[in-house]
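# Commentary on secondary and tertiary structure
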Amino acid sequence: MHEEIINWFASHARDLPWRDPDCSAWGVLVSEVMLQQTPVTRVLPVWKDWLLRWPDPAALAQSPSGEAVRAWGRLGYPRRALRLHAAAALMALEHDGEVPGSYNELLSLPGVGSYTAAAVAAFAFGRRETVVDTNIRRVHARLIAGTALPAPALNAAEIRLAEQLLPAEPGQSVRWNAAVMELGALICTARSPKCGQCPVREKCAWLAAGGPAPTYQPKGQAWAGTDRQVRGAVMAVLRAAGPGLQRGLLFSPAAALSAAPAPDPAQAHDSGASGSRAVEASGLTPTEPPVATELARLYRLNAEESQLERVITGLLRDGLAQATGGGGIALPA
DNA sequence: TAGCCGTGGGC
DNA sequence: TGCCCAAGGCT
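Now for a look at the structure at hand. Residue positions are counted from 1 within each chain, in the order its sequence is given. As a convention, the first chain written is A and the first ligand written is 1, with the rest following in written order. Local features are withheld for residues below a pLDDT of 70 in this predicted model, meaning they are given only at 70 or higher, and side-chain atom pairs are given and counted only at 80 or more; totals for whole chains, interfaces and linings count all residues. Hydrogens are left out, water is left out, and the side-chain values use all remaining heavy atoms of the structure.

### Regarding the layout of surface pockets
Applied cut-off: Cavities and pockets are defined on a 1 Å grid built over the protein atoms alone: a cavity is a set of grid points where a 1.4 Å probe fits but cannot escape, while a pocket is an open set with protein on both sides within 12 Å along at least five of seven lines, and lining residues are those with an atom within 4 Å of any such point. Grid points are joined across faces, edges and corners, and a volume is the space filled by probe spheres set on the points. A run of DSSP states H or I qualifies as a helix once it reaches four residues; a run of E qualifies as a strand once it reaches two. Both are numbered from the N-terminal end. Polar here means any residue other than Ala, Val, Leu, Ile, Met, Phe, Trp, Tyr, Cys and Pro, which are nonpolar, and Asp, Glu, Lys and Arg, which are charged; Gly is therefore polar. For the purposes of this description, domain bounds are those given by an automatic or database domain assignment.
Within this model, the second largest pocket holds a volume of roughly 680 Å³. Along the wall of the second largest pocket there are 25 residues; nearest its centre are Gly76, Tyr77, Trp223, Arg228 and Gly232. With 8 residues, the top contributor of residues to the lining of the second largest pocket is helix H13 (residues 227–240). Along the lines of polarity and charge, the residues of the lining of the second largest pocket split into 9 nonpolar, 7 polar and 9 charged. When we break the lining of the second largest pocket down by domain, the ones giving at least three residues each are domain 1 (1–220) and domain 2 (227–330).

### A word on the packing of helix H2 (residues 25–34) against helix H8 (residues 114–125)
Rules: Angles shown run from 0 to 180 degrees and are taken between the N-to-C directions of axes, each axis being a line fitted to C-alpha atoms and, for helices, limited to the stretch in contact. When the near helix sits turned anticlockwise from the far one by under a right angle, the crossing is termed left-handed; a clockwise turn instead gives a right-handed crossing. Any two residues whose heavy atoms approach within 4.5 Å are treated as being in contact.
At their nearest, the axes of H2 and H8 sit 9 Å apart, and the two run at 145° to each other. By crossing handedness, the relation of H2 to H8 is classed as right-handed. Judged by residue contacts, Ala25, Val28, Leu29, Glu32 and Val33 of H2 engage Tyr115, Thr116, Ala119, Val120, Phe123, Ala124 and Phe125 from H8. The residue makeup of the contact of H2 with H8, split by class, is 10 nonpolar, 1 polar and 1 charged.

### Some details on empty space enclosed by the protein
Overall, the coordinates contain 2 cavities of 30 Å³ or more when judged by the stated rule. By volume, the largest cavity is sized at about 100 Å³. Contributing to the lining of the largest cavity are 13 residues, with Arg142, Cys188, Cys195, Cys198 and Cys204 lying nearest its centre. Elements represented by at least two residues in the lining of the largest cavity include exactly helix H9 (134–145) and helix H12 (205–208). Ranked by the residues each element gives to the lining of the largest cavity, the list is headed by H9, at 3 residues. By residue class, the composition of the lining of the largest cavity is 12 nonpolar, no polar and 1 charged. Within this model, the second largest cavity holds a volume of roughly 40 Å³. Looking at the second largest cavity, the residues that line it are Thr130, Val131, Ile136, His140, Ala162, Leu166, Trp176, Asn177 and Val180.

### Some points on the protein's contact with DNA strand C
The following threshold applies: One heavy atom within 4 Å of a molecule or strand is enough for the residue carrying it to be called near that molecule or strand. Residues adjacent in sequence count toward polar contacts only when both atoms are side-chain atoms; beyond that, a polar contact is any pair of N or O atoms within 3.5 Å, and within protein one must be able to donate a hydrogen and the other to accept it.
The immediate surroundings of DNA strand C are formed by 26 residues, with Trp18, Glu32, Leu35, Thr116 and Asn135 found nearest. Close to the protein, within 4 Å, the atoms of DNA strand C are drawn from sugar and phosphate at a rate of 67%. The side chain of Asp133 places a nitrogen or oxygen atom 3.1 Å from a sugar or linking oxygen of DNA strand C. In the surface near DNA strand C, the residues fall into 10 nonpolar, 8 polar and 8 charged.

### Description of the packing of aromatic side chains
Note the following rule: Only Phe, Tyr and Trp rings take part, Trp by its six-membered ring, and two of them pair if their centres are within 6.5 Å. Stacked means planes under 30 degrees apart, edge-to-face means over 60, and tilted covers everything else. Exposure is judged per residue with a 1.4 Å probe applied to protein chains only, and the accessible area is read against the type maximum: over 50% gives exposed, under 20% gives buried, and values in between give partly exposed. Charge over a ring is defined by NZ of Lys or CZ of Arg lying within 6 Å of the ring centre and within 35 degrees of the ring normal.
Considering all chains together, one arrives at 3 aromatic pairs under this definition. Aromatic side chains Trp18 and Trp47 sit 5.4 Å apart centroid to centroid with 75° between the ring planes, which places their arrangement in the edge-to-face category. With Trp18 in the loop between helix H1 (2–12) and H2 and Trp47 in helix H3 (residues 40–53), this pair connects stretches of sequence that are 29 residues apart. Its relative accessible area of 9% is what places Trp18 among the buried residues. Relative to Trp72, the ring of Trp50 has its centre 5.7 Å away and its plane inclined at 80°; by these criteria the two rings are edge-to-face. Placement of Trp50 in helix H3 and of Trp72 in helix H5 (residues 65–72) is noted, with a sequence separation of 22 residues between them. Here Trp50 matches Trp72 in class, with each residue buried. Taken together, Trp50, Trp54 and Trp72 form an aromatic cluster joined through their ring pairs. The ring of Trp206 carries Arg142 above its face, with NZ or CZ at 4.9 Å from the centroid.

If you want it as structure tokens, here you go:
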């Protein structure tokens, strides 16, 4: 089983820049943090820009945290950018500007949990670590346990299984971790697995059992109308705006209506500029076209003032508002 | 531990 | 069209 999966990996692995032997440990760490809950295709361009701009932890630590949040763009979960910046500052201060190589040192960095610590120790430093991510959990569930999906939450039995399956030799253990993860990402996928292309389909307990359905219903996350949706829209405004964003702009329906881009897609390219003029005309504050566009997106959500207040409080609590220069939105209008 | 935290592509 | 899901971490 190990040989078949590792051989499959040798011929089918994606050519990803953070897998290049010349990629720095910093590059690996940045990739792992960006890849937390975010697909590879969306990470790639941001990762490349990020490493060109900040080739090592010290470089990032010397930039304001808001720059990290803006460079993060629309990858999602922007607190990751803040934590990566904090991790860079900590590495500059306590690790001589280097990414530490041990699991425990990595685990102590903000935004680095058990998965990321193990992955960086393994993939950047060649260590023998038990890496357990969602792909590996799913492959183990099917191949070994014979179930369609892993348990709703990671448990001790899964970790023990992963430890038992990990090859003893460090180099082989690294390849095994990467190979099982890649198998889960490309073949043994959550939705419609490509069992016909699987190198270990003959050994799969789930297939042998006839591919039984999941025994529980994964609960989806609500989105429309939630604080998360509003928070994302406010964050987009904060990223687009420079320091000094006016609180009133976030709450004003007048600015909302006038800043709204034309619904006609043919005129959509013009929406930013016209929105900007409209916002300026509303007398609230001078602003930039991208700000007007993001304001318009926020207003179309029709959030109640109480919801906006709650979301802004959360962004202040997390430090995201201050980092982007929008700390002033805490003040009364 | 369960709930929260963004975003957009694919089915 | 919605809904599902993606190399999780933190509280």
